[in-house]
Amino acid sequence: MDVVFFVLDLAVLYSVYVILASSLNLEYGEAGLPNFAKAAFFAVGAFSVGALSVRLGAVFLGMALEGDFKLNSLRWAMSVSQSVARNPFLGLGIFIATLIVAVLVGSVLGVLASYPALRLREDYLGMLLIAFSETIRIVARNYDPLVGGTFGAGVVDFLAWAGSPSREILLLFLSVVVAAIIWIVYYRLSASPFGRALRAMRDNELATESLGRNIVKLRMMAMMIGSAMASVAGVLYAYYVGTVNPDDFTTSKTFLITLMVIIGGSGNPYGPLVGPAVYLAFDRLIQFTKQRLILPFDPNYLSYIVLGVVLIIVVDRHPGGIVPEKPTLTLPRELRSLLWQRRVEESWNRQ
């Protein structure tokens, strides 16, 4: 049973990281926008769940919430979860409502964050987005009614009706399906004219604009879509963990996702599948072995050292990542086959 729960835990986290890596790869790998506020948009999804799941449940049940939110949210969440255990549709309604709110808020903030990208480039844009990310986290940390401040907020178990281990299996299935849908959407966007326009903008903005493409709109669309995707990951993560705390969404989360994208392959749709797998493999291996090692420093810092070394090796040996970006083929497969056959025939005729 421990092995089963370990696999479930690993698969859910992998699904969340695939969504986050796909969103950053769309913004940075495809559009060339260094979104160092990725943790903020991840947090938006989680904060939507922490702020609304209990309150929505109370509204649906006609339950009065009396007292301080930060002191009572866990108790209220347990109370609503008990009602969800008797009414699956209540849990489904809470999940869908929080997901919609998270996507809408994430999209709006993504559009707002895209405006600095119109005037700032590279390092200055990165610094501003880091400040933007920390501002959202600090506001949530100090404004207790939102998600309980430093106490955090309880989250309603919308699958309480299933019981264990069915609940964990259903959550795994949901996470994998959502991650697969989002990755397929990202893959289709990457292969579409929109994706080619993003890469053209990344490589040469002036040439792209001279060909009639609206650079402002492209940046805005990339940030909006990527931010909405990250918010979905935040919703899944909040329901998986069962609580929401602002201190879980520091800028280190952004750099962790960036590491996955660089290792997997920036600009390649398959990179977000490879990068999280490599990270989780090393992270779990370190978790199992660090307590058995005698080190002259705190073993909890071992993961940072190992992952830093892995990043250096990958960048040195494979600058494009494990799965580097490849030129986009825009011709239909049948036409490519015909051209290749004609090329082979011409080669034989010359001989």
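Residues numbered from 1 in each chain as written. Predicted model: local features only at pLDDT ≥ 70, side-chain atom pairs only at ≥ 80, totals over all residues. Heavy atoms only, no water.

1. Some words on the overall build of the chain
Here comes step 1: Helices and strands together make up the secondary structure of the chain, namely 14 helices and two strands.
Here comes step 2: Projected onto its principal axes, the C-alpha coordinates of the chain cover approximately 85 × 50 × 40 Å.
Here comes step 3: Burial analysis of the chain (351 residues in total) assigns 45% to the buried set.
Here comes step 4: By sequence separation, contacts in the chain at least 24 residues apart represent 79% of the contacts at least 6 residues apart.
Here comes step 5: Put simply, the chain shows about 17900 Å² of open surface, and 65% of that area lies on carbon and sulfur atoms. (Helix = DSSP H or I, 4+ residues; strand = E, 2+ residues; numbered from the N terminus. Buried < 20%, exposed > 50% of the residue type's maximum accessible area, 1.4 Å probe, protein only. Contact = heavy atoms within 4.5 Å. Areas by Shrake-Rupley, 256 points an atom, 1.4 Å probe, with all protein chains shown as cover.)

2. What about a nonpolar patch on the surface?
Here comes step 1: On the surface, Phe89, Leu92, Ile96, Ile100 and Leu104 cluster together to form a nonpolar patch covering roughly 530 Å² of accessible area.
Here comes step 2: Here Leu104 shows up in helix 4 (residues 88-114). (Patch = residues over 30% accessible without salt bridge, like charges linked within 9 Å, V, L, I, M, F, W, Y side chains within 5 Å. Salt bridge = Lys/Arg side-chain N within 4 Å of Asp/Glu carboxyl O.)

3. Re the packing of aromatic side chains
Here comes step 1: Overall, the coordinates contain 15 aromatic pairs when judged by the stated rule.
Here comes step 2: Taking the centre distance of 4.6 Å and the plane angle of 15° together, the rings of Phe95 and Phe158 count as stacked. Note that Phe95 is positioned in helix 4 and Phe158 in the loop between strand 1 (153-154) and helix 7 (166-191), a separation of 63 residues in sequence. Each member of the pair, Phe95 together with Phe158, is buried.
Here comes step 3: Members of the aromatic cluster, connected to one another through ring pairs, are Phe42, Phe47, Tyr237 and Phe249.
Here comes step 4: The ring centre of Phe69 lies 4.0 Å from the NZ or CZ of Arg55, which sits over that ring. (Phe/Tyr/Trp six-rings, centres within 6.5 Å; stacked < 30°, edge-to-face > 60°. Lys NZ or Arg CZ within 6 Å of the ring centre and 35° of its normal.)

4. Focus: helix 2 (residues 38-61)
Here comes step 1: When the terminal C-alpha atoms of helix 2 are compared, their 35 Å separation across 24 residues agrees well with the 34 Å that a helix rising 1.5 Å per residue should span.
Here comes step 2: Roughly 35° is the biggest bend found in helix 2, and it falls at Leu52.
Here comes step 3: The buried fraction of helix 2 is high, at 18 of 24 residues.
Here comes step 4: Where helix 2 terminates, the next one or two residues include Gly62, which has phi positive at roughly 70°. (Expected span 1.5 Å × (residues − 1). Bend = angle between axes of the 7 residues up to and from the residue.)

5. As for the environment of Glu325
Here comes step 1: Mapped onto the elements, Glu325 comes out in the loop between helix 13 (302-317) and helix 14 (333-350).
Here comes step 2: Taking relative accessible area as the criterion, Glu325 reaches 31% and is therefore assigned partly exposed.
Here comes step 3: Considered as a pair, Glu325 and Glu30 are 295 residues apart in the sequence and their alpha carbons are 9.8 Å apart.
Here comes step 4: Within the structure, Glu325 has its side chain in polar contact with the side chain of Arg202 (distance 3.1 Å). (Polar contact = N/O pair within 3.5 Å; in protein donor to acceptor, adjacent residues only side chain to side chain.)

6. Considering the side chain of Asn35
Here comes step 1: Locating Asn35 in the fold gives a position in the loop between helix 1 (2-30) and helix 2.
Here comes step 2: Note on Asn35: relative accessible area 1%, which makes it buried.
Here comes step 3: Here Glu27 takes part through its side chain, which lies 2.8 Å from a polar atom of the side chain of Asn35.

7. Some thoughts on the pattern of salt bridges
Here comes step 1: Scanning the entire structure with this criterion turns up 14 salt bridges.
Here comes step 2: The salt bridge partner of Arg137 is Glu134, with a shortest N-O separation of 2.9 Å. Of this pair, Arg137 and Glu134 both sit in helix 5 (residues 122-142), three residues apart, which is roughly one turn of that helix.
Here comes step 3: Since its relative accessible area comes to 13%, Arg137 is described here as buried.
Here comes step 4: Taken together, the shared-partner salt bridges connect Glu134, Arg137, Arg141 and Asp247 into one network.

8. So, the confidence of the model for the chain
Here comes step 1: In the predicted model, the chain carries a mean pLDDT of 87, and the fraction of residues at 70 or more is 94%.
Here comes step 2: The spread of mean pLDDT over the elements of the chain runs between helix 14, the lowest at 70, and helix 10 (residues 215-241), the highest at 93. (pLDDT = per-residue confidence, 0-100.)

9. Let's talk about helix 13
Here comes step 1: For helix 13, with 16 residues, the first-to-last C-alpha span of 23 Å sits near the 22 Å given by 1.5 Å per residue.
Here comes step 2: Residues of helix 13 that are buried make contact with helix 11 (251-264) and helix 12 (271-289).

10. Remarks on the packing of helix 2 against helix 10
Here comes step 1: Interhelical geometry of helix 2 versus helix 10 gives an angle of 50° and a closest axis separation of 7 Å. When the interaxial angle is binned, helix 2 and helix 10 end up oblique. Two packed elements cross with a definite hand, and for helix 2 against helix 10 that hand is right-handed. Contact residues: helix 2 offers Lys38, Phe41, Phe42, Val44, Gly45, Ala46, Val49 and Ser53, while helix 10 offers Gly226, Ser227, Ala230, Ser231, Ala233, Gly234, Val235, Tyr237, Ala238 and Tyr239.
Here comes step 2: When its residues are assigned to classes, the contact of helix 2 with helix 10 shows eleven nonpolar, six polar and one charged. (Axes fitted to C-alpha atoms, helices over the stretch in contact; angles between N-to-C directions. Parallel < 35°, antiparallel > 145°, perpendicular 65-115°, else oblique. Left-handed = near helix turned anticlockwise from the far one by under 90°. Nonpolar A, V, L, I, M, F, W, Y, C, P; charged D, E, K, R; others polar.)

11. Remarks on the packing of helix 7 against helix 8 (residues 193-203)
Here comes step 1: In the contact formed by helix 7 and helix 8, the axes pass within 4 Å of each other and the chain directions differ by 65°. Judged by the angle between their axes, helix 7 and helix 8 are roughly perpendicular. Of the residues in helix 8, those touching helix 7 at Leu189, Ser190 and Ala191 are Pro193, Phe194, Gly195, Arg196 and Arg199.
Here comes step 2: Across the contact of helix 7 with helix 8, the residue classes tally to four nonpolar, two polar and two charged.

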